[in-house]
Amino acid sequence: MIKAVLFDLDDTLVDTTKLAELARKNAVENMVRHGLPVDFNTAYNELLELINEYGSNFGRHFDYLLRRLDLPQNPKWVAAGVIAYHNTKFAYLRSVKNSRRVLLELKREGYKVAVVTDGDPIKQWEKILRLELDEYFDEVFISDYLGVKKPPHPKIFLKALKKLDVKPEEAVMVGDRLYSDIYGAKNVGMVTVWFRYGKYRDKEMEYVEYADFTIERLEDLLKIIRGG
């Protein structure tokens, strides 16, 4: 019998792919508007390459962008990028459609509900708190904070199961990434639900066999949980 439902955060409960793309574009546009002597497409493509190399949690994207463009360090340009990026995040941060309804119904029906995610702990908590989702969760597990890396490290899932006091077969993991969310959780014996959504909806398909269920609408999770 299912007793707990664990969710990934980005592109599972929080719609982050579209938000990140919009924020980055607005940042570059604002840098150009404030004097960056490079056209938008050149600067934006360079920024995407930089993010791919250093990761999205790197804290000096705009400083390094100037270096890559062979431009002098200019705090005005960097500030313009930072301001537009964060203003966009604050203005357009959204939860995934029907995520609140799903979380509310799971809580009402007595399931333990938790988040299992990686990334910068402050950034992840910022998303949860800004969207006022924290009231739905019994626990929030962020791998970087716990000293383990989720994709697909078993310890993050084992720590979560222990804290929630459930067996692996009594817990469902829901996530958009077949590798880190689904493959990782399946390896410790959890029931897995792949939410085919966001930028990974057609990627990592070599791990699709580890998904017990596949959904394209988050509300379809309720039928799976109730049937289990």
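Treat the numbers as computed from the prediction; the structure is a model and nothing was measured. (Residues numbered from 1 in each chain as written. Predicted model: local features only at pLDDT ≥ 70, side-chain atom pairs only at ≥ 80, totals over all residues. Heavy atoms only, no water.)

Chemist: In this structure, what is going on with the overall build of the protein chain? I would like to understand it.
Modeler: Summing up its helical and strand segments, the protein chain has 10 helices and 6 strands in all. Against the 2.2 N^0.38 benchmark of 17 Å for 228 residues, the protein chain shows a C-alpha radius of gyration of 19 Å, consistent with a compact globule. By principal-axis analysis of the C-alpha atoms, the protein chain measures approximately 60 × 30 × 30 Å. Taking all 228 residues of the protein chain together, 48% fall into the buried category. Partitioning the contacts of the protein chain with sequence separation of at least 6, the portion at a separation of at least 24 is 62%. Total accessible area on the protein chain stands at roughly 11,500 Å², and carbon and sulfur atoms take up 49% of it. Distance between charge centroids for the protein chain: 2 Å, based on 36 positive and 36 negative side chains. (Helix = DSSP H or I, 4+ residues; strand = E, 2+ residues; numbered from the N terminus. Rg over C-alpha atoms; globule rule 2.2 N^0.38 Å. Buried < 20%, exposed > 50% of the residue type's maximum accessible area, 1.4 Å probe, protein only. Contact = heavy atoms within 4.5 Å. Areas by Shrake-Rupley, 256 points an atom, 1.4 Å probe, with all protein chains shown as cover. Lys, Arg positive; Asp, Glu negative; His and termini not counted. Charge placed at Lys NZ, Arg CZ, Asp CG, Glu CD.)

Chemist: What's the story with unusual backbone geometry in this structure? I'm lost.
Modeler: Most peptide bonds are trans, and most residues other than glycine sit at a negative phi. We note that Asp 11 has phi near 60°; this positive angle belongs to a residue other than glycine. Relative to the helices and strands, Asp 11 is located in the loop between β1 (4-7) and α1 (16-33). Residue classification places Asp 11 among the buried positions, given a relative accessible area of 3%. Positive phi, close to 60°, is recorded for Asp 165, a residue that is not glycine. Here Asp 165 is to be found in the loop between α8 (154-164) and β4 (171-175). In this structure Asp 165 comes out as exposed when scored by relative accessible area, which is 63%.

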